[in-house]
Amino acid sequence: MKVVLPGGTGQIGTVLDRALTAAGHEVTVVTRRPTRAHDVGWDGATLGPWAAAVDGCDVVINLAGRSVSCRYTPENLRAMMDSRVASTRVVGEAIAAAARPPRVWLQMSTATIYAHRFDAPHDEATGVIGGAETGVPDYWAYSVEIAKNWERAQAEAPTPATRKVALRSAMVMSPDRGGVFDVLSRLVRLGLGGPVAGGAQYVSWIQDEDFVRAVEFLIARDDLDGPVNLASPHPLPHRAFMRALRTAWNVPVGLPATRGMAELGAFALRSDTELLFKSRRVVPGRLRDAGFSFAHPDWDSAAASLVRRARPKRPAALREAA
């Protein structure tokens, strides 16, 4: 199978590139900074020689867009919007122009499209799209608009021969350096992995191996299109999420953080508190209904698995001496 990954050099792209290549598929990564043999350059906004990789491929998985790991200033929010919409539109143009278009286009989206909510989970059928909540910062609504415009750009692309799926993904947990699991694990090991702002807000997540398996499932299922939630069936409150992560790392306690402390920490890390404070209670309704089975549905076991993979491997001589 020939797979094209626009924007495939980030954490999620690295996970997919590694797994799909290991499975024997031919992967081409479309990136602004091509350095490897299977990389192709682009600017993320205009057609160019890179589009030749799309013509004749089997699957496009578009992951392009400015990282959300930044301060949510007006400039950065606009860059998130523009990079996602422009790259999605041009991927659609490349598919529309292809003599042999791919049979499926998986487009990255985000579970952030749903409303800040504690009382009930969001699935694709009954979930509430965000943007109208009260008592939250005004700019949270702009994050929802980014997600809506991102999905709209794919939906409006004139690609009748190509099935389109929008991946409303929760946080992908992998042991790769710099990913969200790595960042949270460092906080835990420093003794800072306690609940934030009380810890009642829900965390939706998906283990990286299940993310890959869900992508493969969606590629194979010709009857599934439109928005699909990629999230574990068991989101949980932040306090329980961090407790399980501390247990996995064998760290007995974690310093809790007030809202003000979290805001200072996010500022120091050049990140934004929406990533911590927004309650994302998202469940995989369509995947579950289609018969997808999660290998890691519960965070306790998933965290333990990730910690085992993240721990540095000792040389054989040291293992034998132990």
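Residues numbered from 1 in each chain as written. Predicted model: local features only at pLDDT ≥ 70, side-chain atom pairs only at ≥ 80, totals over all residues. Heavy atoms only, no water.

Draft legend 1. Inspection of unusual backbone geometry at higher detail. Phi is positive for Ala 197, close to 55°, though the residue is something other than glycine. Looking at the element boundaries, Ala 197 is found in the loop between helix H4 (180-189) and strand E8 (202-203). Residues other than glycine seldom take positive phi values, yet Asn 250 does so here, at roughly 60°. Relative to the helices and strands, Asn 250 resides in the loop between helix H6 (238-248) and helix H7 (259-268). (Helix = DSSP H or I, 4+ residues; strand = E, 2+ residues; numbered from the N terminus.)

Draft legend 2. Expanded view of the pattern of salt bridges. On inspection of all chains with the given rule, the structure shows 15 salt bridges. Salt-bridge contacts for Arg 168 lead to Glu 151; the nearest nitrogen and oxygen are separated by 2.7 Å. Residue Arg 168 is found in strand E6 (residues 163-169), and its partner Glu 151 is found in helix H3 (residues 140-156); the two are separated by 17 residues along the sequence. Here the two residues Arg 168 and Glu 151 agree in accessibility, since each one is buried. The residue Arg 213 makes a salt bridge to Asp 210 at a minimum N-O spacing of 2.7 Å. Note that Arg 213 and Asp 210 are positioned in helix H5 (residues 208-220) at a spacing of three residues, about one turn of the helix. Among the charged side chains, a salt-bridge network with shared partners connects Asp 17, Arg 36 and Asp 39. (Salt bridge = Lys/Arg side-chain N within 4 Å of Asp/Glu carboxyl O. Buried < 20%, exposed > 50% of the residue type's maximum accessible area, 1.4 Å probe, protein only.)

Draft legend 3. Local environment of the environment of Trp 205. Along the chain, the position of Trp 205 falls in strand E9 (residues 205-207). The buried category is assigned to Trp 205, whose relative accessible area is 1%. Between the C-alpha atoms of Trp 205 and Val 283, which are 78 residues apart in sequence, the distance is 9.5 Å. Within the structure, the side chain of Trp 205 is placed 3.5 Å from the backbone oxygen of His 234, a separation counted as a polar contact. (Polar contact = N/O pair within 3.5 Å; in protein donor to acceptor, adjacent residues only side chain to side chain.)

Draft legend 4. Spatial organisation of the packing of aromatic side chains. Applying the stated criterion to the full structure yields seven aromatic pairs. On the numbers, 6.5 Å between centres and 80° between planes, the contact of Phe 181 with Trp 299 is edge-to-face. A residue pair is termed long-range when its members are at least 10 positions apart, and Phe 181 in helix H4 and Trp 299 in helix H10 (residues 299-310) qualify at 118 residues. Residue class for Phe 181 comes out buried when judged on its relative accessible area of 2%. Trp 299 sits in the buried class, given a relative accessible area of 3%. (Phe/Tyr/Trp six-rings, centres within 6.5 Å; stacked < 30°, edge-to-face > 60°.)

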